[in-house]
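# Observations on the model geometry
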Amino acid sequence: MTANLSLNQVTELASAHPFAATLERLSAALEGAGMTIFARIDHQAGALSVGLSMPPTSVLIYGNPRGGTPLMLEAPACALDLPLRVLVREDSTGTTRVSFHPAVAIMRAFGLPDERGAGLAKAERLIESAVSA
């Protein structure tokens, strides 16, 4: 079976904090809400390891099996996008930007009702709070 999935919707926020502080604030907010950070991917370090240059860019992969597992059981292909991810990067002006796929976009991409993403949407509010002043 081939599904016609589209996750082209991205929310991008400008952080009121520098790159490192934004990563710290996001980690603390997510873990403080009972989520696990499963991985931290440092793309800048990866680029440097092969002799390339890249501004600070990291992805946090996070979630809570209590919220994600039922969604993956209902729509197994959801596992392609769960756990959730948040991108933190520094742009060419030095502004830290934070990007993620909204929960409703993930639900729609996998044919689930919007309200099934309510638990995932809580993370969006945490992210918004962590990057604000």
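It should be noted that the structure appears before, not after, this text.
Residues numbered from 1 in each chain as written. Predicted model: local features only at pLDDT ≥ 70, side-chain atom pairs only at ≥ 80, totals over all residues. Heavy atoms only, no water.

## Considering the overall build of the protein
The condition that has to hold: Under the DSSP-based scheme used, a helix requires at least four consecutive residues in state H or I and a strand at least two consecutive residues in state E, with every element numbered from the N terminus. Each radius of gyration is computed over the set of C-alpha atoms, and the globule rule expresses the reference value as 2.2 Å times the number of residues to the power 0.38. Burial classification: accessible surface area is computed with a 1.4 Å probe over protein chains only, and a residue below 20% of its type maximum counts as buried, one above 50% as exposed, and the rest as partly exposed. Only heavy atoms matter for contacts: two residues are in contact if any of them lie within 4.5 Å across the pair. Only the protein chains shown count as covering a residue, and every accessible area follows the Shrake-Rupley method with a 1.4 Å probe.
Scanning the protein from N- to C-terminus turns up 5 helices and 5 strands. The order of α-helices and β-strands along the protein, N terminus first, is β-α-β-α-β-α-β-β-α-α. For the protein, the C-alpha radius of gyration of 15 Å lies close to 14 Å, the compact-globule estimate for 133 residues. Looking at the protein as a whole, 38% of its 133 residues qualify as buried. A sequence separation of at least 24 residues applies to 66% of the contacts in the protein between residues at least 6 apart. When the accessible surface of the protein is summed, it comes to about 7400 Å², and 56% of that surface belongs to carbon and sulfur atoms.

## Considerations on the pattern of salt bridges
Operational definition: Any Lys or Arg side-chain nitrogen located within 4 Å of an Asp or Glu carboxyl oxygen qualifies as a salt bridge.
If you walk through the whole model with that rule in mind, you get 6 salt bridges. With a closest N to O distance of 4.0 Å, Glu31 and Arg40 form a salt bridge. Since its relative accessible area comes to 43%, Glu31 is described here as partly exposed. By relative accessible area, which is 52% here, Arg40 ends up exposed. Asp81 is the partner of Arg85 in a salt bridge, and the nearest nitrogen-oxygen pair spans 3.2 Å. Its relative accessible area of 34% is what places Arg85 among the partly exposed residues.

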